[in-house]
Amino acid sequence: MTESVIHVHPPGRLVALVGNPNCGKTALFNLLTGSRQKVANYAGVTVERKEGRMLLPTGKSLRVLDLPGTYSLNPRSPDEQVTCGVLQGVARGEKRPDIVVCVVDATNLRRSLRLVLSVLRLGLPCVIALNMADLAADRGMRIDPEVLSRELGVPVVGTVAVDSTGAEALQRLLSEPDLLERAEASIHANLPANAADDANFIRDLLVRMGLDDASPHLASDAIDRVVLHPVWGLVILAVTLFLIFQAVFSWAEAPMNLIKDAAAATGAWVNATLPEGFLRSFIVDGLVAGLGSVLVFLPQILILFFFILMLEESGYLPRAAFLLDRVMGTVGLSGRSFIPLLSSFACAIPGIMATRTIANARDRLVTIMIAPMMTCSARLPVYALLIGAFIPERVVGPGVQLRGLVLFLLYVAGIAGSMGVAWLLKRFTSQGRQVRPLMMELPSYHMPRVRNIALGLWQRTQIFLRRVGGVILVLTIALWVLASFPQPPVGATGSPIEYSIAGMLGHALAVVFQPIGFNWQISVALVPGMAAREVAVSALGTVYSLAATTQDTAGALAPIIAQQWSLPTALSLLAWYVFAPQCLSTLAAVKRETGGLKWPLVMAGYLFALAYLASFITYNVAKAMSL
Ligand SMILES: Nc1nc2c(ncn2[C@@H]2O[C@H](COP(=O)(O)OP(=O)(O)OP(=O)(O)O)[C@@H](O)[C@H]2O)c(=O)[nH]1
Ligand SMILES: [Mg+2]
């Protein structure tokens, strides 16, 4: 039987933004449509098609597509395939664009124009947005849009996508009633018919426009002489990363205490106001103890993201990839894998999506398989809770706190584990031993924009609060129910939770986890932690709050576990969290990106095995050392 796909498109003209990576397409898209898609200073930020609507003064609207950047129309990586598919009209569920906005980096016309010529040859109506006009002007490049428009036979407007007024000219152009006719005229213009003639055509064009000797960005080159130095560059990278982890602990203390006090006060107030009973237990033990114990970590997550955003915005990330290319080569990967892996520190899902920029299929798969070992921000609450409970607050060197150091080591453990797996795959697969040279664009450094950083942090806060109010809330309630019912029989002596479903489940699971030192409370908490890692913390909050006899467990989880767990147990749980695949949405993302169940199952299997092994070793070594 043959299948035929029926495409149903929303009404309205379709405008597609096309251009080289990092030329400002998404920044323009955000201005045109009022969206808030991710913008950052490296190639390969956008890896999928995003749609928005732009309202015209006539009241009608245009559909606008933001697409991944591409250097040519011969796609080499999955993200470039997305763009080429849309332009050729073969993308699933999307019609061919009615008009293409070729976004051109004004500081790099030579390369940008090659793509423009290819798009024009496709016969698509086209207009050009001469973006980064501000940077070009700063460097003394005088580009006259009129002249360029005459030369190419297409409408050209100068834009500055990071300035709120910067897209006005483009908006005006897209609102013109006869735009399509004007843009279509371009198809007949006198342009090279053959891609082989493009380079000569562009060279002549730039000479005619007086732009053939465009100077490189000198300030960036000067910084790069230090930052890309084979020795100093690596030292700078290591120090930067290390300082980030120190800051996560030392800067967060005051705001964390505020949230903790607020949670404790709320719990105390509810205790004093409501009569004893299920409602009070639900609010105090379920909501306040559960959610409060997760909310406390918002400051640390924001500090981590502040640094990640600064690195992304400044243009430093691709430099780090370049520096690490050699190191990555020893485990059979290239610097290309660096940015997807770094994105996984926020969350493995965007990291796995970002592997679309990797052209080599084998490298892409290996990167996907090791991405979950990078410490995502959802693991931070678990780490921070255990470190706060078991690692004393002590200064171990000039400006070095023990707690920040341990956190850093946990991140290193994840990285080391992933590199170990990549190395094994290199040893035992023939493809892994081939050397693939790194070709990567180094953008000029930009001063990070306060607005972008603030927006990024605000989005992170929203995501976190939505998680707390959504999946974490639901699971916390579910766990409270399971941990409260059935009620203990009359005359029972133990704590009521021991007789509940969760209590029984925990005791059953504890048989499996006993060899790695987990008690039944931990075993209970691991189950809802599969859906969202932080829930393990809120679940411990609820379980211990219900099991406690005193009233003030809300916000005071750390001292309780410090008292009840041994250090080997805590270390073993940390080791478990470094490796275990506790997140179902990550496995779903792997299924989507690899197109089947095989790889997510392999991933879950090997990560569980690795986690159990790591915890087993950690627990027994720690016990043998009688810690
Ligand atoms: N100064 C200046 N910076 C800009 C301009 N347009 C974009 N930027 C910056 O350039 C960087 C890249 O912007 P993006 O919008 O992410 O670029 P993109 O073309 O979507 O990149 P990919 O999705 O990776 O293909 C960001 O740091 C932006 O803030 C501009 O007109 N002037
Ligand atoms: Mg983009």
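Residues numbered from 1 in each chain as written. Chains lettered and ligands numbered in written order. Predicted model: local features only at pLDDT ≥ 70, side-chain atom pairs only at ≥ 80, totals over all residues. Heavy atoms only, no water.

1. Some thoughts on the coordination of the magnesium ion (ligand 2)
Inference 1: Protein-derived ligands of the magnesium ion (ligand 2) are Thr26 (OG1) and Thr46 (OG1), with the metal-ligand distances lying across 1.9 Å. Taken together, the positions of Thr26 in helix α1 (residues 25-33) and Thr46 in the loop between α1 and β2 (50-55) put the pair 20 residues apart, joining distant regions of the chain. Both residues of the pair, Thr26 and Thr46, count as buried. (Donors = N, O, S within 2.8 Å, 3.2 Å for Na, K, Ca; no water. Helix = DSSP H or I, 4+ residues; strand = E, 2+ residues; numbered from the N terminus. Buried < 20%, exposed > 50% of the residue type's maximum accessible area, 1.4 Å probe, protein only.)

2. A closer look at helix α3 (residues 109-121)
Inference 1: Taking 1.5 Å of rise per residue, the 13 residues of α3 would be expected to cover 18 Å, and the 18 Å separating its terminal C-alpha atoms lies within 8% of that figure.
Inference 2: Leu109, Ser112, Leu113, Leu115, Val116, Leu117, Ser118, Val119 and Leu120 are the residues of α3 that are buried.
Inference 3: Next to the buried residues of α3 lie β1 (14-19), α2 (78-88), β4 (99-105), β5 (126-131), α5 (145-152) and α8 (198-208). (Expected span 1.5 Å × (residues − 1). Contact = heavy atoms within 4.5 Å.)

3. A few points about the UniProt feature "domain: FeoB-type G" (unreviewed entry) in the protein
Inference 1: Per the UniProt record, "domain: FeoB-type G" (unreviewed entry) is found at residues 12-180.
Inference 2: In residues 12-180, the share of helix is 34% and the share of strand is 20%. The end C-alpha atoms are 13 Å apart. (UniProt positions renumbered as here; feature names shortened; annotations may be inferred.)

4. Topic: the environment of Met54
Inference 1: The topology assignment puts Met54 in strand β2.
Inference 2: Assessed through its relative accessible area of 1%, Met54 is described here as buried.

5. Let's talk about the confidence of the model for the protein
Inference 1: With 94% of its residues at a pLDDT of 70 or more, the protein has an overall mean of 86.
Inference 2: Taking the mean pLDDT of every element in the protein, the minimum, 73, falls on helix α7 (residues 179-185) and the maximum, 96, on β1.
Inference 3: Among the prediction metrics, the complex's ipTM stands at 0.99, with pTM recorded as 0.84. (pLDDT = per-residue confidence, 0-100.)

6. Looking at the pattern of salt bridges
Inference 1: Tallying each qualifying case throughout the model produces 15 salt bridges.
Inference 2: The closest approach of N and O atoms between Glu51 and Arg63, which form a salt bridge, is 3.1 Å. Placement of Glu51 in strand β2 and of Arg63 in strand β3 (residues 61-66) is noted, with a sequence separation of twelve residues between them.
Inference 3: Look at Glu51 and you get partly exposed, because its relative accessible area is 43%.
Inference 4: For the salt bridge of Asp224 with Arg319, the shortest nitrogen-to-oxygen distance reads 3.0 Å. Here Arg319 lies in helix α14 (residues 317-330) and Asp224 lies in helix α9 (residues 218-227), a separation of 95 residues in the sequence. Across this residue pair, the class does not change: Asp224 and Arg319 are buried. (Salt bridge = Lys/Arg side-chain N within 4 Å of Asp/Glu carboxyl O.)

7. Some remarks on the sheet that holds β5
Inference 1: Pairing in this open sheet of six strands is mixed, and the strands run β2-β3-β1-β4-β5-β6 from one edge to the other. Each edge of the open sheet carries a strand with a single partner, namely β2 and β6 (156-158). With direction set aside, neighbouring strand axes in the sheet form an average angle of 25°.
Inference 2: The pairing of β4 with β5 spans six bridges and is classified as parallel. Bridge pairing in β5 places Asp105 opposite Asn131.
Inference 3: Contacts from α1 reach β1, β2, β3, β4 and β5 within the one sheet, and its direction differs from that of β2 by about 40°.
Inference 4: Here helix α6 (residues 168-175) sits on the sheet and contacts β1, β2, β3, β4, β5 and β6; the angle it forms with β6, its principal contact strand, is near 155°. (Pairing = 2+ DSSP bridges. Axes fitted to C-alpha atoms, helices over the stretch in contact; angles between N-to-C directions.)

8. Some remarks on the packing of aromatic side chains
Inference 1: If you walk through the whole model with that rule in mind, you get eleven aromatic pairs.
Inference 2: Measuring from ring centre to ring centre gives 5.9 Å for Phe518 and Trp576, while their planes differ by 85°; the resulting arrangement is edge-to-face. Of this pair, Phe518 sits in the loop between α21 (501-513) and α22 (520-526) while Trp576 is found in helix α25 (residues 567-579), placing the two residues 58 residues apart along the sequence.
Inference 3: A residue is classified by how much of its surface remains accessible, and Phe518, at 3% relative accessible area, is buried.
Inference 4: On the basis of relative accessible area, Trp576 is assigned to the buried category, the value being 4%.
Inference 5: Ring-pair connections join several aromatic residues into one group, and the members of that group are Phe513, Phe518, Trp576 and Phe608.
Inference 6: We note Arg319 situated over the ring of Tyr445; from NZ or CZ to the ring centre the distance is 4.0 Å.
Inference 7: The side chain of Arg427 reaches across the aromatic face of Phe428, ending 5.8 Å from its centre. (Phe/Tyr/Trp six-rings, centres within 6.5 Å; stacked < 30°, edge-to-face > 60°. Lys NZ or Arg CZ within 6 Å of the ring centre and 35° of its normal.)

9. Side note on helix α17 (residues 361-370)
Inference 1: Most of α17 is tucked away: eight of the ten residues are buried.
Inference 2: Those residues of α17 lying buried are Arg362, Asp363, Arg364, Val366, Thr367, Ile368, Met369 and Ile370.
Inference 3: Looking at the packing, one finds that the buried side of α17 touches α2, α15 (338-343), α16 (348-354), α19 (402-428), α26 (584-594) and α27 (598-624).
Inference 4: The backbone nitrogen of Arg362 has a side-chain oxygen 3.0 Å away, supplied by the residue at the start of α17, namely Asn360. (Polar contact = N/O pair within 3.5 Å; in protein donor to acceptor, adjacent residues only side chain to side chain.)

10. A closer look at the domain arrangement of the protein
Inference 1: Each domain of the protein was delimited in the assignment, giving domain 1 (14-209) and domain 2 (217-314 + 447-471).
Inference 2: Each of domain 1 and domain 2 has a C-alpha centre, and the two are 37 Å apart.
Inference 3: Listed as interface residues are eight residues of domain 1 and, on the opposing side, eight residues of domain 2.
Inference 4: Interface of domain 1 and domain 2: buried area, both sides summed, is about 750 Å²; carbon and sulfur atoms make up 41% of it.
Inference 5: Residues Glu312 and Lys38 are paired through a salt bridge, measuring 2.8 Å at the closest nitrogen-oxygen approach.
Inference 6: If you look at where domain 1 meets domain 2, you find four residue pairs in polar contact (both at pLDDT 80 or more).
Inference 7: In terms of residue class, the side of domain 1 that touches domain 2 is built from four nonpolar, one polar and three charged. (Domains from an automatic or database assignment. Buried area = accessible area lost by both parts, 1.4 Å probe. Nonpolar A, V, L, I, M, F, W, Y, C, P; charged D, E, K, R; others polar.)

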